[in-house]
Amino acid sequence: MLPLLRPDQWKSLRTRYEADRPHRMLALDGGGIRGLITLGILSRIEALIQQKTGKKLCEYFDYIAGTSTGAIIAAGLSLGKNSSDLVDFYRSCGEEMFESSKLLDRLKSLYTADPLKAKLSDVFGTNTTLEAPAKDTDPGLKCLLLVVTKNVTTDSPWPISSNPDAKYNDPTKDNNNLKIPLWQLVRASTAAPVYFPPEILQWNPNNSKETFVFADGGVTPYNNPAFLLYRMATEPAYRLSWKTGERNLLLISVGTGAAESKGASAAKPNTNIVSTVAGLPGELMYGMLIDQDINCRTVGRCTFGAHLDSEILDLVPRQVSDGMTSAQQYAAPLVPISQDLGRRFLYARYNADLSESGLRDLGFPNVVPANIQKMDAVENIATLLDIGKAAGGAVKAEHFGTFLE
């Protein structure tokens, strides 16, 4: 049994989490309305897990993390909702969450009633916090949850975990993270600059100086929260200290679609230089997303993931030899999962390639990449979900190793 610092705080989750056993984690990227791609992929993962284990996602995954739109999905799953429940939420609230034409209304909502806040509190519960429910049948989180936020006041990423033993979840302190309403944390993580006013939270009800301004967690290095989730589950400072190893820890990462953007060329270095500079924030986010993915593939053992670049390929272990071309390396047999390579965890990364060639390969040759890559185009809801389901076709039971047994 694993020692818990404050076992009473785990309440209905205590029996599940005190056992010394393998653990499974799920990380969900940010990406605006493209969260529908995540949900399309998750529908396939959900069906596979249901078929193999009979469990819901919150029962199968022990720790779920999300950034921005991924925080909405992660919170919903952690409460016991399924992917179709969350698709319905996006269909009903997508316009208020992401549509550009609603910008002025949202800016005015900084000082007036924000309809999105009402919807979030309705979906997640006005009184629901990160505290574990007293009984299994009580409303509340059914598994551990990590929400990535950006504290603008301190200019730092604030990953907020529901781990009852975490340092800042101490019930004896006034600034206890577990007391913050879940819907407000989700709203803070989704407060994308330009799209939403910032979320202002008084963290300590007895000290007005501990009031902070929050913006979208996607503007931190953790728009892809996968490696952060691994760190917070295993590093002793975070007070979980889960065992590492390919048979002890599984990490599944799901994206919201991605594609490289082409800028100026060497032949015409000044071409599109203005648009290149304007796109720098998005390019930086894309670069950080890829970097977090590479961290996971090098520290963990990757069982599935897209091609990264011509030097490292996809980092899925294969039986290769010197002198092989990239094509020959991809054709080489995989190293069997039964052969433990000594990595810290088992890892799979699912995403949709939203480039012209990627969309064509997924069966969407008539979809315009520039349109579908937008994070605020609510008219794309149906197509984004279909793209996600097509990308979910890559999900295979063998990627999960022994974790589906």
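Note on numbering: residues in each chain are counted from 1, in written sequence order. Since the coordinates come from a predicted model, pLDDT governs what is reported: local features require at least 70, and pairs of side-chain atoms require 80 or more to be given and counted, while whole-chain, interface and lining totals use all residues. Side-chain measures were taken over the full set of non-hydrogen atoms in the model, leaving aside hydrogen atoms and water.

Student: Please clarify how the pattern of salt bridges should be interpreted in this entry.
Tutor: Each salt bridge in this description consists of a side-chain nitrogen of Lys or Arg and a carboxyl oxygen of Asp or Glu lying within 4 Å of one another. Inspection of every chain in the model, using the stated rule, returns 11 salt bridges. Across the pair Glu246 and Arg301 runs a salt bridge whose closest N-O atoms are separated by 3.0 Å. Linking Glu246 in the loop between α10 (226-234) and β7 (249-254) with Arg301 in strand β8 (residues 301-304), this pair joins segments that are 55 residues apart in sequence. Here the two residues Glu246 and Arg301 agree in accessibility, since each one is buried. Helix and strand assignments come from DSSP, with helices taken as H or I runs of at least 4 residues and strands as E runs of at least 2, each series counted from the N terminus. Buried residues are those whose accessible area, probed at 1.4 Å on protein chains only, stays under 20% of the maximum for their type, while exposed residues exceed 50% and partly exposed ones sit between those limits.

Student: Sorry if this is basic, but what is going on with the packing of aromatic side chains here?
Tutor: Given two aromatic rings, their pairing is described by the distance between the two centres and the angle made by the two planes. Working definition: a ring pair exists when centres of Phe, Tyr or Trp rings (six-membered ring for Trp) sit within 6.5 Å. Plane angles under 30 degrees give stacked, over 60 give edge-to-face, the rest tilted. Tallied over the entire structure, the rule returns 14 aromatic pairs. With a centroid separation of 4.9 Å and 90° between ring planes, the pair formed by Tyr60 and Phe61 is classed as edge-to-face. When its relative accessible area of 0% is taken as the criterion, Phe61 is described as buried. Members of the aromatic cluster, connected to one another through ring pairs, are Trp10, Tyr17, Tyr63 and Trp242. Sitting over the ring of Tyr60, Arg24 keeps its end group 4.2 Å from the ring centre. Look at NZ for Lys and CZ for Arg. If either is within 6 Å of the ring centre and within 35 degrees of the ring normal, a charge sits over the ring.

Student: Before we go on, may I ask you to explain unusual backbone geometry in this structure?
Tutor: Peptide bonds are, in most cases, trans, and in most cases residues other than glycine have a negative phi. Of note in this structure, Arg239 is not a glycine but carries a positive phi near 65°. By the element assignment, Arg239 lies in the loop between α10 and β7. On the accessibility criterion, Arg239 (35% relative accessible area) is partly exposed.

Student: Can you help me understand the confidence of the model for the chain in this one?
Tutor: If pLDDT is low for a region, its predicted coordinates should not be looked at in detail. On average, residues of the chain score 88 in pLDDT, and 86% of them reach the 70 mark or higher. One number per residue, pLDDT, summarises how confident the predictor is, and it ranges from 0 to 100. Two residues qualify as a contact provided that any one of their heavy atoms is within 4.5 Å of a heavy atom in the partner residue. Throughout residues 109-113 the model reports pLDDT below 50, and contacts reaching past four residues in sequence, or to other chains, amount to 4 contacts. Within the model, pLDDT remains below 50 along residues 273-281, and this stretch shows 2 contacts once partners closer than five positions in the same chain are excluded.

Student: Sorry, what's going on with the pairing of strand β9 (residues 346-350) here?
Tutor: Note on strand geometry: in a regular strand, side chains alternate between the two faces of the sheet. Burial within β9 is extensive, with 5 of its 5 residues counted as buried. Residues Leu346, Ala348 and Tyr350 line one face of β9 and the alternating positions Tyr347 and Arg349 line the opposite face, and both faces are buried. Pairing geometry for β7 and β9, over 5 bridges, is parallel. Counterpart to Leu250 in the pairing with β9 is Leu346. Between any two strands, at least two bridges found by DSSP are needed for them to pair. Looking at chain direction, β8 and β9 are connected through 3 bridges and run parallel. Each bridged residue has a counterpart across the sheet, and for Phe304 the counterpart in β9 is Ala348.

Student: Any chance you could explain the packing of helix α5 (residues 69-78) against helix α9 (residues 182-189) here in plain terms?
Tutor: How two helices pack is summed up by the angle between their axes together with the distance between the axes. The contact between α5 and α9 brings their axes to 8 Å, and the two run at 155°. Put simply, α5 runs roughly antiparallel to α9. As α5 packs across α9, the resulting crossing turns out to be right-handed. Contacts from Ala71, Ile72 and Ala75 of α5 reach α9 at Leu182, Val186 and Ser189. Taken together, the residues that form the contact of α5 with α9 break down as 5 nonpolar, 1 polar and no charged. Comment: axis = line fitted to C-alpha atoms, over the contacting stretch for helices; angle = value between 0 and 180 degrees taken between N-to-C directions. Just so you know how the angles are binned, under 35 degrees is roughly parallel, over 145 roughly antiparallel, 65 to 115 roughly perpendicular, and the rest oblique. Crossing handedness is defined as follows: a turn of the near helix away from the far one that is anticlockwise and smaller than a right angle gives a left-handed crossing, while the clockwise case is right-handed. Gly counts as polar in this scheme, as do all residues outside two lists: the nonpolar Ala, Val, Leu, Ile, Met, Phe, Trp, Tyr, Cys and Pro, and the charged Asp, Glu, Lys and Arg.

Student: What is the right way to read the environment of Trp10 from this model?
Tutor: As for its position among the elements, Trp10 is in helix α1 (residues 7-10). Remark: the alpha-carbon pair of Trp10 and Ala132, spanning 122 residues in sequence, is separated by 5.9 Å.

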